[in-house]
Amino acid sequence: MASQAKGLQNFISDLRNAKSKEEESSRVERELAKIRRKFASGLSSKSNEDGSNTSLSSYQRKKYVWKLVYIHVLGYEVDFGHSEVLTLVKSNKFSEKQVGYVALSLLLRGSDPLMNSVVNSIRSDLVAGGASKGSNSVQIDTAQSLALCSIANISGLELIQALHVEVQHNLVSKTSSPNVKKKSALCLLRLVRTSPNLFAGREFAPHIAQLLQDRHLGVLTSTMSLLNGLAVQHPTEYETLIPYVVHILGMLVIKKACGKEYLYYKTPSPWLQIKLLKFLQLYPNILAEKDANPSSKASTAQLTQVVQKILTETDVSDSINKSNADHAILFEAVNLIVCWGPSGPTQLREAAMKLLGKFISVREPNIRYLALMTMAKLAQLDTGSAEGVKKHQTTVLVSLKDADISVRRRALDLLFVMCDSDNAEMIVDELVNHLVLADAAIREEMVLKIAILAEKYATDLRWYVDTILKLISISGDHVSDPIWHRVVQIVTNHPQGDLQAYAAATLLVAASPRRCHETAVRVAAYVLGEFGFLIAERPGMSGEEQFRILHQHWHSSDETTRAILISTYAKLANLYEECRPLVAPVFARCKNSVDVEIQQRSAEYAAMREAFSPEAVEDLLREMPPFEDKEQTALELRLKDKEGEDSATFVKAARPSVEQRQRAAQAAAAAREVEEEAQRQHYEEEGGEEDYDEEDRLQDLAPVGIPKEIIPAMRKAFSNLCTCPSGVLFENNFIQIGLKHDYQAAQGRITVFFGNVTSNLLKHVRISIDDCDHLRMQKQGTEGLLDDEEGGGCSVAARTQAKLLILVETLAPFDDAPAMRVKFETTEGIKHEYPLRLPIVATCFMEPVELASGAFMQRWKSLEGQERECQEIVKAPQSAPEIDEEYMEKIRSIITDGLHFGHCQGCDPTPWTISGAATYRTGSKDKNGNNINVGCLVRVEANPQARAFRVTTRTLHPLCSKAVKNVALVSIKLA
């Protein structure tokens, strides 16, 4: 092309030699005008059906299209010449077809109307490989490859729907060359990312299995890219391919079976190994399956051997390229060990920890970075891994001084993760000392993590207060508001001991110097306003002295701090008579402040004593009540926003420490004692202490059931969930049970959430689900949730939830929903037991079928008979609107979206009739190994005058007819 298209070369040279943007634009405009004239000249007499100019020679057409492509690449708009591009694509000459496909990929989009005229040409190029290739096989393969690349680049929905079958055929065809298979796999990956539900995974998995047996490593590499893209969306559908993947990995790692062209510095195809390991990471439970068959056990043993070999044979190489490839494989293998969690082999975790401990000391910063990050993930798995990390604590502390800030961040994360009750004080003190030397880029992150660690592992909360004050004095600008807010919450919520008095005295001393950070002034002002009275009798800490120390910072404080100081002054004036003359002038001056908040507070506090009685003022200015303990603190949420929910640091922060659980238990015990004392006094006053001791305790032994008043709402919620993908199944003052379910063919995935809506702990939360002959269920939930023992179960903290995952497969038609029993106990010892039903009904396993009117009526008549038909008439509720076409549209939506029936258009003689068809899928097999399915028909007929509906269902199975009729009736009532 370069030797022929001299005009193109000259044009490119002119653009490169342009001295300004204006000169370049002018040259492009002249060239576009010239090309437009060439395309249009003689067009009226000599033109094809697609609008292209037949008077142009092959050389001219290619040259002008190349120019349009170059102009487009420069960023200029090209809105003509598409017909010439299509002509080149349709050409039988390779040189023209190549130019056409390049231009097609760049100049046209999938939504362009002209794409319809080129689909057949692309299809003919794709299917050309199905014929006998003969001597022109290279050109056929090249044409197929060009077509596949263009489809992947354009990837419009219409193009995908028109050509995805041909792309799949090229991928699985035995006559396709390896190059075409590679292109087909990558093209199909692009199409699946654009249209995720392009095909059913269970039907396509056998084709992937066939491809994984291909000996060409290039085909395997492209196939694994496709498989990873598919498995990320639907992991369970490709679980059967694990043995094939393990076999390939074993051939590469153990037997080194690899052609020379795929050896990278003597490492067999590292990119393929990485893709294989990434796929296996999607299945963390493969080593934990107890009922695995012998072939699965053999595959698992081989996988363990492969990972062991990767760990033991990888070392730092003198060649940077080989070292990078080997360590990329190694770290993916370690990530696989992390995914396995505690269920994986202990010796592998220990070997990985030992290897990572060596890597965090190497000179190469990339390896050191990855080792620190991976070690943080590994340390989260179990106690043994956490203990192994502690051996490298000194090395990690040295990495905090690394020249590379990314390495310093990973070292900080690892220190955060390895911290526990034994080494918390030492690590926190080391981090505080290092904070003095740390640069500004990492200080905010260090301050946040130090604050979280100090709270999690403080055996004495006075140490926590001292640590936060050190942070403020060293790096106060990086102590965010949530950090000092958290100090206030902890001090307020722990009245036991002398914490509040200690915090007040310490903060008063911290605020005494004139040069004091403003954050220290804020927290001191708040705490002294609440708990300053506890230290007022100490020398030098009277109310007047507290006011003097705080007020010295007034002129250097901003509006937010002054607003806090004003509230503190009001509380000091209320407690100490000598402070009132000192506070009054401040309020008087601030009534005219330009800041609205300061002005309002001053005016209201100044007028309070005149407007209210002394008792009312006392109530208004008393100390604040304890703060509500939330599931996640503001600091944990801030860490989650910064580093993500899956980061090792957030997982560590969200997991309560022993110290936190002890403090929560002490607080709950103290609150329970107060409540019991109040109850005891109440019964003593009423004179019924004996009755309470005997009769009430006996009454507590019987579990509390579902109150009658919420049963109608519960039934309505169940009926709604029978046709909705998610919602609330049950809710009262103690627990909220939410449910999300989706189904594909005979299988379903149901996730049930049990949320504690109280401010106290729910204990011994247990769930039991009755087994059904017609359903095969697998249940997995929060640890202890499925315990059968009376004293078992899990604990659900306030505002948190437990989770239950149910995988279900229907084996036969049924007309009843599975029973579920929910049991729990409150902190007062009151037991609750709620019998519920899971909204797993027959219509969940329906697949819609669209039938023509003739086919529907033929099947409808063939299913006549008492055993096959169910019919019932239901009246519309009094509150429902008149039955009109809009109302019937709602009913049609219920049939199609809720019951999963296909609407059979043309079958309904009037607008008051709706007909639908579906197939009930089961997982049972017949004698030939095929799934047993049941065809279902439904018809809803409305009588607007009588405000009634007649629902008729016909199936081959009586239970199917009954089940569909029941769900339809309830849904119509709720409409």
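Here the structure is a predicted model, which means the values were calculated and not measured.

Reading guide: rules and limits
Residues numbered from 1 in each chain as written. Predicted model: local features only at pLDDT ≥ 70, side-chain atom pairs only at ≥ 80, totals over all residues. Heavy atoms only, no water. Helix = DSSP H or I, 4+ residues; strand = E, 2+ residues; numbered from the N terminus. Buried < 20%, exposed > 50% of the residue type's maximum accessible area, 1.4 Å probe, protein only. Contact = heavy atoms within 4.5 Å. Areas by Shrake-Rupley, 256 points an atom, 1.4 Å probe, with all protein chains shown as cover. Salt bridge = Lys/Arg side-chain N within 4 Å of Asp/Glu carboxyl O. Phe/Tyr/Trp six-rings, centres within 6.5 Å; stacked < 30°, edge-to-face > 60°. Lys NZ or Arg CZ within 6 Å of the ring centre and 35° of its normal. Pairing = 2+ DSSP bridges. Axes fitted to C-alpha atoms, helices over the stretch in contact; angles between N-to-C directions. pLDDT = per-residue confidence, 0-100. Parallel < 35°, antiparallel > 145°, perpendicular 65-115°, else oblique. Left-handed = near helix turned anticlockwise from the far one by under 90°. Nonpolar A, V, L, I, M, F, W, Y, C, P; charged D, E, K, R; others polar. Disulfide = S-S within 2.5 Å. Core = buried A, V, L, I, M, F, W, Y, C linked by side-chain atoms within 4.5 Å. Lys, Arg positive; Asp, Glu negative; His and termini not counted. Polar contact = N/O pair within 3.5 Å; in protein donor to acceptor, adjacent residues only side chain to side chain. Patch = residues over 30% accessible without salt bridge, like charges linked within 9 Å, V, L, I, M, F, W, Y side chains within 5 Å.

## What to know about the overall build of the protein chain
Link 1 in the chain: Helix and strand counts for the protein chain stand at 39 helices and 17 strands.
Link 2 in the chain: With respect to the principal axes defined by its C-alpha atoms, the protein chain has extents near 105 × 85 × 65 Å.
Link 3 in the chain: Residues counted as buried form 48% of the 975 residues belonging to the protein chain.
Link 4 in the chain: Here the analysis covers contacts within the protein chain between residues at least 6 apart in sequence; of these, 67% occur between residues at least 24 apart.
Link 5 in the chain: Element-wise, carbon and sulfur atoms account for 50% of the exposed surface of the protein chain, whose accessible area totals about 48100 Å².

## With respect to the pattern of salt bridges
Link 1 in the chain: In total, this model carries 44 salt bridges according to the counting rule given.
Link 2 in the chain: We note a salt bridge from Lys449 to Asp413, for which the minimum N-O separation is 2.1 Å. Remark: Asp413 occurs in helix α20 (residues 405-418) and Lys449 occurs in helix α22 (residues 440-456); sequence separation between them is 36 residues. The burial state of Lys449 is the same as that of Asp413; both residues are buried.

## Some details on the packing of aromatic side chains
Link 1 in the chain: The tally for this structure, following the rule as stated, stands at 18 aromatic pairs.
Link 2 in the chain: Both rings, one in Tyr264 and one in Tyr265, keep their centres 4.9 Å apart while their planes meet at 75°; by these two values the pair is edge-to-face.
Link 3 in the chain: Given a relative accessible area of 40%, Tyr265 falls into the partly exposed group.
Link 4 in the chain: Taken together, a centroid distance of 6.4 Å and an interplanar angle of 45° make the contact between Phe734 and Phe824 tilted. Within this pair, whereas Phe734 is found in the loop between β3 (726-731) and β4 (735-744), its partner Phe824 is found in strand β10 (residues 819-826), the two being separated by 90 residues in sequence.
Link 5 in the chain: Pairwise contacts between aromatic rings join Phe730, Phe734, Phe824 and Tyr834 into one cluster.
Link 6 in the chain: For Arg36, the ring lying beneath its charged end belongs to Phe80, and the centroid distance is 4.1 Å.
Link 7 in the chain: A cation sits over an aromatic face here: Arg462 above Tyr502, 5.7 Å from the ring centre.

## A short note on the pairing of strand β11 (residues 831-837)
Link 1 in the chain: Because side chains alternate across β11, one face comprises the buried residues His832, Tyr834 and Leu836, and the other comprises Lys831, Glu833, Pro835 and Arg837, none of which is buried.
Link 2 in the chain: Both β10 and β11 contribute to a ladder of 7 bridges, which runs antiparallel. What sits directly across from Lys823, in β11, is Glu833.
Link 3 in the chain: Counting the residues that bridge the hairpin from β10 to β11 gives 4 residues, and of these Gly829 lies at a positive phi of roughly 90°.

## A look at unusual backbone geometry
Link 1 in the chain: Of note in this structure, Lys256 is not a glycine but carries a positive phi near 55°.
Link 2 in the chain: Tracing the chain through its elements places Lys256 in the loop between α12 (242-253) and β1 (263-264).
Link 3 in the chain: By relative accessible area, Lys256 is classed as partly exposed at 44%.
Link 4 in the chain: Positioned with a positive phi, Ala745 is a non-glycine residue whose angle comes to about 55°.
Link 5 in the chain: Topologically, Ala745 is positioned in the loop between β4 and β5 (747-756).

## A few points about the sheet that holds strand β7 (residues 775-781)
Link 1 in the chain: Strand order in the open sheet formed by 5 strands is β3-β4-β5-β9-β7, and the pairing between neighbours is antiparallel. Edge positions in the sheet fall to β3 and β7, since each has one partner strand and no second. Here the average twist between neighbouring strands, direction ignored, is 20°.
Link 2 in the chain: Sheet analysis places β4 next to β5, joined by 10 bridges and oriented antiparallel.

## Examining the confidence of the model for the protein chain
Link 1 in the chain: Per-residue confidence for the protein chain averages 85 on the pLDDT scale, and 93% of its residues sit at or above 70.
Link 2 in the chain: Highest mean pLDDT in the protein chain belongs to helix α13 (residues 270-280) (94); lowest belongs to helix α35 (residues 689-701) (47).
Link 3 in the chain: Note that residues 687-692 has pLDDT below 50 and, in this model, 8 contacts with residues that lie over four places away or in other chains.

## A look at the packing of helix α29 (residues 580-590) against helix α30 (residues 596-611)
Link 1 in the chain: Close contact between α29 and α30 brings their axes to 8 Å; oriented N to C, the two are set at 135°. It follows from the interaxial angle that α29 and α30 lie oblique. In this structure, the crossing between α29 and α30 has a hand that is left-handed. Within the contact between the two elements, α29 uses Arg580, Phe587 and Cys590 and α30 uses Ile598, Gln599, Ser602, Tyr605, Ala606 and Arg609.
Link 2 in the chain: Considering only residue class, the contact of α29 with α30 consists of 5 nonpolar, 2 polar and 2 charged.

## Structural notes on the sheet that holds β11
Link 1 in the chain: Read from one edge of the open sheet, 4 strands run β8-β6-β10-β11, paired in antiparallel fashion. A strand with exactly one partner marks an edge of an open sheet, and here the two such strands are β8 (794-796) and β11. Sheet twist, expressed as the mean angle between neighbouring strand axes with direction ignored, is 30°.

## Section: the state of the cysteines
Link 1 in the chain: Summed over all chains, the structure comprises 0 disulfides.
Link 2 in the chain: With no disulfide of its own, Cys772 lies closest to Cys844 among cysteine sulfurs, the gap being 13 Å.
Link 3 in the chain: You can call Cys772 buried: its relative accessible area is 17%.

## So, helix α36 (residues 711-721)
Link 1 in the chain: Among the residues of α36, Met714, Ala717, Ser719 and Leu721 are the ones counted as buried.
Link 2 in the chain: On its buried face, α36 is in contact with β3, β4, β11 and α39 (958-974).

## A closer look at the nonpolar core
Link 1 in the chain: Counting residues in hydrophobic clusters, the biggest one holds 207 residues, and the most contacted among them are Leu104, Leu188 and Phe279.
Link 2 in the chain: Discounting residues that sit within four places of it in the chain, Leu104 has contacts with Val85, Leu86, Val89, Met115, Val118, Ile122, Ser150 and Ile154.
Link 3 in the chain: In terms of nonpolar packing, the next biggest core, distinct from the first, is built from 67 residues, Phe730, Val752, Ala880 and Val967 among them.

## Topic: the packing of helix α15 (residues 320-340) against helix α16 (residues 346-359)
Link 1 in the chain: The geometry of α15 relative to α16 is characterised by a closest axis approach of 10 Å and an angle of 135° between their N-to-C directions. The angle between α15 and α16 places the two elements in the oblique class. The crossing of α15 and α16 is left-handed. Contacts between α15 and α16 involve His327, Leu330, Phe331, Val334, Ile337 and Trp340 from the former and Leu348, Arg349, Ala352, Leu355, Leu356 and Phe359 from the latter.
Link 2 in the chain: By residue class, the composition of the contact of α15 with α16 is 10 nonpolar, 1 polar and 1 charged.

## Quick look at the pairing of β10
Link 1 in the chain: Burial analysis of β10 places 6 of its 8 residues in the buried class, which makes it a mostly covered element.
Link 2 in the chain: Here strand β6 (residues 762-769) pairs with β10 via 6 bridges, running antiparallel. When the sheet's bridge partners are listed, Leu762 is paired in β10 with Thr826.

## Things to note about the side chain of His392
Link 1 in the chain: Here His392 is to be found in the loop between α18 (383-390) and α19 (393-399).
Link 2 in the chain: In this structure, His392 is in contact with Met353, Gly357, Ile360 and Met375, ignoring residues within four places of it in sequence.

## Some points on the side chain of Lys456
Link 1 in the chain: The residue Lys456 is located in helix α22 in this model.
Link 2 in the chain: For the buried Lys456, no salt bridge is present, and the opposite-charge side chain at shortest range is Glu636, 5.3 Å distant.
Link 3 in the chain: A polar contact of 3.3 Å, which involves the side chain of Lys456, links it to the backbone oxygen of Ala653.
Link 4 in the chain: Apart from the residues lying within four places of it in its own chain, the contact partners of Lys456 are Lys652, Ala653, Arg655, Pro656, Ser657, Glu659, Gln660 and Arg663.

## Some points on a nonpolar patch on the surface
Link 1 in the chain: The grouping of Phe533, Leu534 and Leu575 at the surface amounts to a nonpolar patch, some 240 Å² of accessible area in total.
Link 2 in the chain: Here Leu575 shows up in helix α28 (residues 559-575).
Link 3 in the chain: We classify Leu575 as partly exposed; its relative accessible area is 41%.

## As for the environment of Cys844
Link 1 in the chain: Locating Cys844 in the fold gives a position in the loop between β11 and β12 (846-849).
Link 2 in the chain: The exposure class assigned to Cys844 is buried, which follows from its relative accessible area of 4%.
Link 3 in the chain: For the pair formed by Cys844 and Arg749, sequence separation is 95 residues and the distance between their alpha carbons is 11 Å.
Link 4 in the chain: The contacts of Cys844, once residues within four sequence positions are left out, are Cys722, Tyr743, Pro839 and His900.

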